[in-house]
Amino acid sequence: MSETTGTPPLLELRDIGRDFGSVIALDGISTSVRAGEVTCVLGDNGAGKSTLIKVLSGVHQPSRGELLLDGTPVRFGAPREALDAGIATVFQDLAMIPLMAIWRNFFLGSEPTRGWGPFRRFDAATAKETTRRELLAMGIDVRDPDQPVGTLSGGERQSVAIARAVYFGARVLILDEPTSALGVKQAGVVLRYIAQARDRGLGVVFITHNPHHAYPVGDRFVLLKRGRSLGDFGKDEVTRDEITSMMAGGAELDELAHELERPTPPAP
Amino acid sequence: MTTTDAPPSSPAADERVASVGLLKRLLVKPELGALVGAVVVFAFFAVQSSVFVSPSGIANWLDPASTLGIMACAVALLMIGGHFDLSAGVMTGTSALTVGIVSVQFETTIWVGILVALAITLAVGFLNGFLVVRTGLPSFIITLGSFLMLQGLNLGLTKLFTGTVNAGGIGVTDGFDSAEAVFASTVTIAGQPFRIAILWWVLFTALATWVLLKTRFGNWVFATGGDEVASRNVGVPAARTTITLFMTTAAAAWFVGVVYAVRQTSVQANVGIGNELIYIVAAVIGGCLLTGGFGSAIGASLGALIFGMTQQGIVYLRYDSDWFFFFLGAMLLLAVLTNRAIRRYAEARR
């Protein structure tokens with residue numbers, strides 16, 4: 001662990017594990033998320049990244065270990081509880097409804113209302129205006145808040161989801177593979193929003209299998225393999241190449257390179 | 001964009017959009033297809049029959065449209081929420097029969113029968129919703145089960161209590177006059193009596209539209225039907241929304257059942273069976289997607305209006321009424337194809 005300063009991290013994981021029946025999906029994961037920092041969770045397919053997010057966001061409960069929020073142990077029974085504690089998750093499927101307008105999606109589940117009793121209604125004017133303003137603040141210029149989310153590009157959808165989480169007072173933002181389905185340019189746009197969220201003082205958990213996306217923006221790196229942690233590094237403790245090589249399992253990669261080499265023609 | 005107080009930096013004219021024209025804005029409305037359909041059907045009959053547009057003619061085709069429309073509105077909300085209720089038709093019968101059996105056989109006032117009917121239908125609606133939420137099975141199967149069970153109960157219990165297959169004598173129960181005033185009176189406009197149910201229909205449509213478009217609950221209905229898992233992830237109480245929708249459909253079935261019982265004063269045990277599909281047809285003609293997440297209450301009401309106009313119009317033109325169902329089926333297919341084309345056009349062109 002790099003700095004053990006006075007203030008506890010926003011979110012700390014101590015030996016977190018999770019079983020599904022006899023399958024140990026996750027075991028012995030420890031790391032921390034600090035305000036204004038990006039913690040990257042890296043791993044290949046099936047490494048346990050998705051399980052880890054689901055534990056952090058309250059979808060699953062950990063079977064072992066401790067989750068600390070501001071230094072105090074917490075336990076989330078449902079996504080709503082994690083959300084109320086300021087942990088917002090942008091799921092891979094984005095938790096957005098394609099047929100609904102951007103502003104309806106933006107406030108889904110937390111709609112502003114006006115009036116009272118039976119006349120309490122969804123304050124659409126405020127919702128539309130806020131959506132437009134908040135997206136603009138993130139540098140996203142939506143053409144029309146009334147357009148269905150289904151008509152947005154992948155990168156735009158990610159950006160809307162991030163802006164939504166930031167607006168709703170998230171202190172910890174968990175991003176599940178936000179760049180994996182995107183082209184180079186779109187991925188760059190999303191990385192910029194991650195940096196923006198970080199600069200606004202949020203603690204970001206960035207899950208990805210791409211070290212090239214993680215390294216430039218990350219401050220801490222947790223590497224997962226087959227449900228176990230390969231280590232928890234500060235940026236000064238590790239290089240991009242080391243991460244790549246550890247993810248692919250160094251020796252395995254060398255072996256693969258050897259295998260793929262052209263057979264040298266036998267000397268005549 | 002309706003923001004008049006937009007900051008000057010806001011790009012009012014974005015080069016990426018030509019401008020969302022009025023036509024395109026109209027096209028994304030789910031009820032547009034039904035509106036066009038209603039106008040065409042009205043014109044078709046109005047040109048050929050003067051009775052059709054006379055006050056008595058209008059009263060005649062608004063009547064079947066009204067009770068169907070009340071149900072279609074509720075069914076549309078349920079379909080937008082992503083579910084079907086095949087028991088909705090037979091439940092109107094359950095409600096009407098309960099009014100008859102309780103108030104006549106147990107010699108109470110009719111209002112007690114009406115309240116018992118409300119309790120029973122709401123309980124059935126709750127059970128439908130609860131089972132769907134709990135089991136995760138398609139509502140089609142769950143409500144097909146409750147449909148068949150209610151059909152059996154309607155017949156069995158009516159025979160048990162009355163010894164016949166109908167519950168009669170409602171007209172002489174205590175409190176009948178006040179119940180008639182609420183559920184089955186007429187309002188005379190231009191010398192022509194109109195059924196009060198038409199007024200209730202308009203009010204229900206307005207209420208359903210308001211709830212759908214202007215309240216939190218409405219937002220949850222669209223979200224639950226659009227993607228249930230995603231909406232749960234952002235904190236929408238999807239289970240509660242689904243159960244509420246099933247209970248709303250049940251409440252509409254209660255209302256229509258009471259209207260029927262008070263109008264007829266004698267209820268056959270098989271009443272309402274088969275209507276559940278007509279409610280769905282009206283909702284689909286009104287722009288509801290079978291997959292949920294899209295639709296409108298006004299559209300469903302227009303679908304009901306098309307149904308009423310066609311049913312009576314065919315009689316005025318002295319066509320064989322056998323053609324009615326052929327026409328309804330063709331209308332349904334046309335509506336589904338039109339809605340699909342419109343939606344694709346509207347979404348692709350943004």
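Anyway, here's the lowdown on the structure attached to this text. Because the structure is a prediction, the values reported are computed rather than measured.

### Description of the overall build of chain A
Item 1. A tally of helices and strands in chain A yields nine helices and 12 strands.
Item 2. The dimensions of chain A, computed from C-alpha atoms along their principal axes, are 90 × 45 × 40 Å.
Item 3. Put simply, of all contacts in chain A between residues at least 6 apart along the chain, 67% involve residues at least 24 apart.
Item 4. Accessible surface, chain A: about 12,300 Å² in total, of which carbon and sulfur atoms supply 52%.

### Regarding the overall build of chain B
Item 1. Per the secondary structure count, chain B includes 15 helices and four strands.
Item 2. Going through the 350 residues of chain B one by one, you find that 50% of them count as buried.
Item 3. Across chain B, the fraction of contacts at a sequence separation of at least 24, relative to all contacts at a separation of at least 6, is 77%.
Item 4. Put simply, chain B shows about 15,800 Å² of open surface, and 68% of that area lies on carbon and sulfur atoms.

### Describing the interface of chain A and chain B
The figure often quoted for interface size is the accessible area lost as the parts come together.
Item 1. Counting residues at the interface gives 31 residues for chain A, matched by 34 residues for chain B.
Item 2. When chain A packs against chain B, the two sides together hide about 2,900 Å² of surface, and 57% of this comes from carbon and sulfur.
Item 3. Linking chain A to chain B there are one salt bridge.
Item 4. With a shortest N-O distance of 3.2 Å, Glu111(A) and Arg216(B) are connected by a salt bridge.

### Describing unusual backbone geometry
Item 1. Phi at Asp70(A) is positive, roughly 55 degrees, even though this residue is not glycine.
Item 2. Position of Asp70(A) relative to the elements: it lies in the loop between strand E4 (64-69) and strand E5 (72-74).
Item 3. The phi angle at Arg318(B) is positive, at roughly 55 degrees, despite the residue not being glycine.
Item 4. Examined against the element boundaries, Arg318(B) turns out to sit in the loop between helix H14 (297-316) and helix H15 (323-348).

### Notes on the side chain of Thr173(B)
Residue and element names in this part refer to chain B.
Item 1. Structurally, Thr173 can be placed in the loop between strand E1 (166-167) and helix H8 (176-183).
Item 2. Overall, the relative accessible area of 12% leaves Thr173 in the buried class.
Item 3. Within the structure, the side chain of Thr173 is placed 2.7 Å from the backbone oxygen of Ile170, a separation counted as a polar contact.
Item 4. Thr173 has contacts with Ser103, Val104, Thr108 and Ile110, leaving out every residue within four places of it along the chain.

### A word on the pattern of salt bridges
Residue and element names in this part refer to chain A.
Item 1. One pass over the full model with this rule turns up 15 salt bridges over all chains.
Item 2. Where Asp232 meets Arg220, a salt bridge forms, and the shortest distance between an N and an O atom there is 3.3 Å. Within this pair, whereas Asp232 is found in strand E12 (residues 228-234), its partner Arg220 is found in strand E11 (residues 220-225), the two being separated by 12 residues in sequence. Here Asp232 matches Arg220 in class, with each residue buried.
Item 3. What you see here is one network of salt bridges that share partners, running through Asp19, Asp27, Arg64 and Arg228.

### Overview of the pairing of strand E6 (residues 87-90) of chain A
Residue and element names in this part refer to chain A.
Item 1. The two faces of E6 match: Ile87 and Thr89 on one face and Ala88 and Val90 on the other face are all buried.
Item 2. Across four bridges, the pairing between E6 and strand E9 (residues 172-176) is parallel. Opposite Val90, over in E9, you have Leu175 as the bridge partner.

### Remarks on a nonpolar patch on the surface
All names here are of chain B.
Item 1. Together, Phe106, Leu153, Leu157, Leu160 and Phe161 line one region of the surface with nonpolar side chains, adding up to about 500 Å² of accessible area.
Item 2. Following the sequence through the fold, Leu160 ends up in helix H7 (residues 139-162).
Item 3. You can call Leu160 exposed: its relative accessible area is 65%.

### A look at the packing of aromatic side chains
Residues and elements named next belong to chain A.
Item 1. Considering all chains together, one arrives at 27 aromatic pairs over all chains under this definition.
Item 2. Geometrically, the ring pair formed by Phe106 and Tyr167 is tilted, given 5.9 Å between the ring centres and 50 degrees between the ring planes. With Phe106 in helix H3 (residues 102-106) and Tyr167 in helix H5 (residues 154-167), the pair connects residues that are 61 residues apart, well separated along the chain.
Item 3. Accessibility expressed as a relative area gives 0% for Phe106, which makes it buried.

### Notes on the nonpolar core
As a rule of thumb, soluble globular proteins bury nonpolar side chains together.
Item 1. One finds Leu108(A), Met79(B), Ile110(B), Ile114(B), Phe183(B), Val262(B) and Leu305(B) to be the most contacted residues of the largest nonpolar core, which totals 98 residues.
Item 2. At 16 residues, helix H4 (residues 55-80) of chain B tops the list of elements feeding residues into this core.
Item 3. Excluding residues within four positions of it along the chain, Phe183(B) makes contact with Trp111(B), Ile114(B), Ile196(B), Phe255(B), Val258(B), Val259(B) and Val262(B).
Item 4. Grouped together as the second largest cluster of nonpolar side chains are 48 residues, Val38(A), Phe106(A), Ala127(A) and Met138(A) included.

### Focus on the pairing of strand E1 (residues 11-20) of chain A
Residue and element names in this part refer to chain A.
Item 1. Bridge analysis of E1 against strand E2 (residues 23-33) gives seven bridges, and the strand direction is antiparallel. Looking across to E2, one finds that Ile16 is bridged to Ile29.
Item 2. Linkage of E1 to E2, two consecutive antiparallel strands, is achieved through a turn of two residues, within which Gly21 is found at a positive phi near 65 degrees.

### Structural notes on the packing of helix H10 (residues 216-226) of chain B against helix H12 (residues 238-264) of chain B
Residues and elements named next belong to chain B.
Item 1. Contact pair H10 / H12: the axes reach a minimum separation of 10 Å and the direction vectors enclose 100 degrees. As summarised for this structure, H10 and H12 are arranged roughly perpendicular, according to the angle between their axes. For the pair H10 and H12, contact is made by Phe217, Trp220, Val221 and Thr224 and by Ala238, Arg240, Thr241, Thr242, Thr244 and Leu245, respectively.
Item 2. Broken down by class, the residue content of the contact of H10 with H12 amounts to five nonpolar, four polar and one charged.

### So, helix H5 (residues 88-105) of chain B
Item 1. With 18 residues, H5(B) should reach 26 Å at 1.5 Å per residue; the first-to-last C-alpha distance of 25 Å fits that figure.
Item 2. One or two positions beyond H5(B), positive phi appears at Glu107(B), with a value near 50 degrees.

### Looking at the environment of Asp144(A)
Item 1. Inspection of the secondary structure assignment puts Asp144(A) in the loop between helix H4 (124-137) and H5.
Item 2. Taking the C-alpha atoms as reference points, Asp144(A) and Arg132(A), separated by 12 residues in sequence, lie 8.5 Å from one another.

### Quick notes on H5(A)
Counting along an α-helix, one turn takes 3.6 residues, and residues three or four places apart therefore face a common direction.
Residues and elements named next belong to chain A.
Item 1. Taking 1.5 Å per residue, 14 residues should reach 20 Å; H5 reaches 20 Å between its end C-alpha atoms and fits that length.
Item 2. Within H5, 10 of the 14 residues are buried, which leaves it mostly tucked inside the rest of the structure.
Item 3. Within H5, the full set of buried residues consists of Gly155, Gln158, Ser159, Val160, Ala161, Ile162, Ala163, Arg164, Ala165 and Val166.
Item 4. On its buried face, H5 is in contact with E6, H3, H4, E9 and helix H6 (184-199).
Item 5. Just downstream of H5, Gly169 is the residue with a positive phi angle, here 75 degrees.

Conventions used here
Residues numbered from 1 in each chain as written. Chains lettered and ligands numbered in written order. Predicted model: local features only at pLDDT ≥ 70, side-chain atom pairs only at ≥ 80, totals over all residues. Heavy atoms only, no water. Helix = DSSP H or I, 4+ residues; strand = E, 2+ residues; numbered from the N terminus. Contact = heavy atoms within 4.5 Å. Areas by Shrake-Rupley, 256 points an atom, 1.4 Å probe, with all protein chains shown as cover. Buried < 20%, exposed > 50% of the residue type's maximum accessible area, 1.4 Å probe, protein only. Buried area = accessible area lost by both parts, 1.4 Å probe. Salt bridge = Lys/Arg side-chain N within 4 Å of Asp/Glu carboxyl O. Polar contact = N/O pair within 3.5 Å; in protein donor to acceptor, adjacent residues only side chain to side chain. Pairing = 2+ DSSP bridges. Patch = residues over 30% accessible without salt bridge, like charges linked within 9 Å, V, L, I, M, F, W, Y side chains within 5 Å. Phe/Tyr/Trp six-rings, centres within 6.5 Å; stacked < 30°, edge-to-face > 60°. Core = buried A, V, L, I, M, F, W, Y, C linked by side-chain atoms within 4.5 Å. Axes fitted to C-alpha atoms, helices over the stretch in contact; angles between N-to-C directions. Parallel < 35°, antiparallel > 145°, perpendicular 65-115°, else oblique. Nonpolar A, V, L, I, M, F, W, Y, C, P; charged D, E, K, R; others polar. Expected span 1.5 Å × (residues − 1).

What is shown is where atoms sit, not what they do.
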